[in-house]
Amino acid sequence: MIHDIEYETMPREALEAIQLRRLQTTLERVYANVPFYRQKFQAAGIVPSDIKRLEDMNRIPFTTKQDLRDNYPFNMFAVPMDNVVRIHASSGTTGQPTVVGYTSRDVGTWSTLMARALAAGGAGRGDIIHNAYGYGLFTGGLGVHYGAERLGASVIPVSGGNTKRQVVIMRDFGPTILTATPSYALHLAEVAEEMGVSFNSLNFKFGIFGAEPWSEKMRGEIERKLNLTAVDIYGLSEVMGPGVAIECHEAKKGLHVFEDHFIPEIVDPNTLEPLPYGTTGELVFTSLTKEAFPVIRYRTRDITSLTPEPCICGRTHVRMNRVTGRSDDMLIIRGVNVFPSQIESVLMETDDVAPHYQLVVDREDNLDVLTVMVEVDERSFTDEVKGLQQMERRITKNIKELLGVSARVKLVEPKAIARSQGKAVRVVDNRKI
Ligand code: DLL
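Here's a quick rundown of the structure. (Residues numbered from 1 in each chain as written. Predicted model: local features only at pLDDT ≥ 70, side-chain atom pairs only at ≥ 80, totals over all residues. Heavy atoms only, no water.)

Turning to the packing of aromatic side chains, a few remarks are in order. The full count for this structure, using the stated rule, is ten aromatic pairs. Above the plane of the ring of Tyr7 lies Arg22, whose end atom (NZ or CZ) is 5.4 Å from the centre. Positioned over the ring face of Trp214 is Arg322, at 4.6 Å from the centre of the ring. (Phe/Tyr/Trp six-rings, centres within 6.5 Å; stacked < 30°, edge-to-face > 60°. Lys NZ or Arg CZ within 6 Å of the ring centre and 35° of its normal.)

Here you go:
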């Protein structure tokens, strides 16, 4: 029996009562212990006791990534360093890394939540989890690891990389659950094929994939190539790590947010006004139980929407739709806004191209030029240049028609685009250099 799982099916009213109590405790905690929050609240003219109902959350100021950077490395911590037992940091590919801390109780809460997440994704006692998320400052590896142990499953802490050895382990140890980024899962499939190992002969039942955007089409591709059921898991280091939200394997439709620990909101990224269920906007989180690094109305920059529709799995927690991109991921090509995920959808509609692509943006004669590099699959990579040219023209036309942006499409041979062992690098923007 997993600890706390009963919260997942609680009636709304009971859940909200718990949320309010936990929110009030968290607000008191940050007000007393984090100068940044105290000053923010004072500037907004509020004290924690002003928040008497969940609807009052509207009065609380937001926290941004920049605020975390300004308090680098430890100034957002709400406990003395004596009580911090773990430190993680985001990769910092878009600037200075953000640093997060955990008390021993936080690590326990996270482990329980990850155990619940893995269970929702189809794992249980007796499963063998091949954990190919990176171990280290990134939260993926250790997050899944502690959750797997809490669940009572066996975990193989293989981390990312050394892909051939991973295939041998998959063949010899017979893992039943794969945890990895979706792009690395596809790479594993590719390398297994090269080594003559078929996923059809392996024991995998479920794959729990996340840490980067992926599409419904890519899910289909992964399920087919890896012969497993694939679910989407979401999280971010600032809020905890993996295990903030996950799809249940029963519905595979939207990710249940663990609302007994986090309050999600969707706001308009420009006006910051809260948006109703069903409307797409920026996802904002408030943590309810964290001790070392609570976050209050943290703007994730991830773009999605929330739905309260009941789910066939019986969970009452709201679901967030797939994160299709981040507000800071958005490319502006000659004034047209495009998300990499939109290009991915167009590519995935095209037969004969592989789900490996990279977008390169340059500035030529003061004009933005978007090049979409995409691999064709092994089968269609023939010497028939004419066929490939036709395909390039077709994709260019589809991108133009569906997204309103002109792109140069360049079909490249299989495996020409560098594979990542963690999060895939989808965009190379040379304009910023
Ligand atoms: O990526 C935590 C994680 C590890 C989640 C393993 C799932 C599995 P960060 O490195 O801090 O943490 O990156 C967080 O990654 O704000 C999103 O933009 C993106 N992201 C995470 N999960 C998904 C997902 C981990 N399922 C950032 N779909 C987030 C789309 C995701 N984007």
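What follows covers the site of the ligand. Within the structure, the ligand sits among 20 residues, and Asp232, Ile233, Ser237, Asp302 and Lys423 are positioned closest to it. A distance of 2.7 Å separates a nitrogen atom of the ligand from a polar atom in the side chain of Asp232. Protein chains shield 94% of the accessible area of the ligand, which is 610 Å² for the free molecule. Of all elements in the fold, only helix H5 (139–151) and strand E7 (229–236) reach the threshold of two or more residues within the shell around the ligand. Broken down by element, the shell around the ligand gets its largest block of residues, five residues, from E7. (Near = heavy atom within 4 Å. Polar contact = N/O pair within 3.5 Å; in protein donor to acceptor, adjacent residues only side chain to side chain. Areas by Shrake-Rupley, 256 points an atom, 1.4 Å probe, with all protein chains shown as cover. Helix = DSSP H or I, 4+ residues; strand = E, 2+ residues; numbered from the N terminus.)

Moving on to the sheet that holds strand E21 (residues 427–429). A sheet is described by the order of its strands in space; here four strands give the open sequence E20-E19-E18-E21, paired in mixed fashion. Looking at the sheet topology across the chains shown, the edges are occupied by strand E20 (407–412) and E21. Between one strand and the next, the sheet's axes are offset by a mean angle of 20 degrees, whatever the strand orientation. Strand direction decides the pairing type here: strand E18 (residues 353–364) and E21, joined by three bridges, are parallel. Residue pairing across strands places Leu359 opposite Val427, the latter belonging to E21. Contacts from helix H10 (residues 385–403) reach E18, strand E19 (367–376) and E20 within the one sheet, and its direction differs from that of E20 by about 145 degrees. (Pairing = 2+ DSSP bridges. Axes fitted to C-alpha atoms, helices over the stretch in contact; angles between N-to-C directions. Contact = heavy atoms within 4.5 Å.)

Here is the key point about a regular strand: its side chains alternate between the two faces of the sheet. The element E19 is extensively covered by neighbouring structure, given that nine of its ten residues are classed as buried. Where E18 and E19 come together, nine bridges link them in antiparallel fashion. Residue pairing for E19: Gln358 is matched across the bridge by Met373. Where E18 folds back onto E19 in an antiparallel hairpin, the turn is made up of two residues, including Asp365, whose phi is positive at roughly 50 degrees. Here six bridges tie E19 to E20, and the two strands are oriented parallel to one another. Counterpart to Leu370 in the pairing with E20 is Ala407. (Buried < 20%, exposed > 50% of the residue type's maximum accessible area, 1.4 Å probe, protein only.)

For the pair helix H7 (residues 182–194) and helix H8 (residues 216–226), interaxial distance at closest approach is 10 Å and the crossing angle is 35 degrees. Our pair here, H7 against H8, has a crossing hand that is left-handed. Where H7 abuts H8, its residues Pro182, Ser183, Ala185, Leu186 and Ala189 lie against Met218, Glu221, Ile222, Lys225 and Leu226. (Left-handed = near helix turned anticlockwise from the far one by under 90°.)

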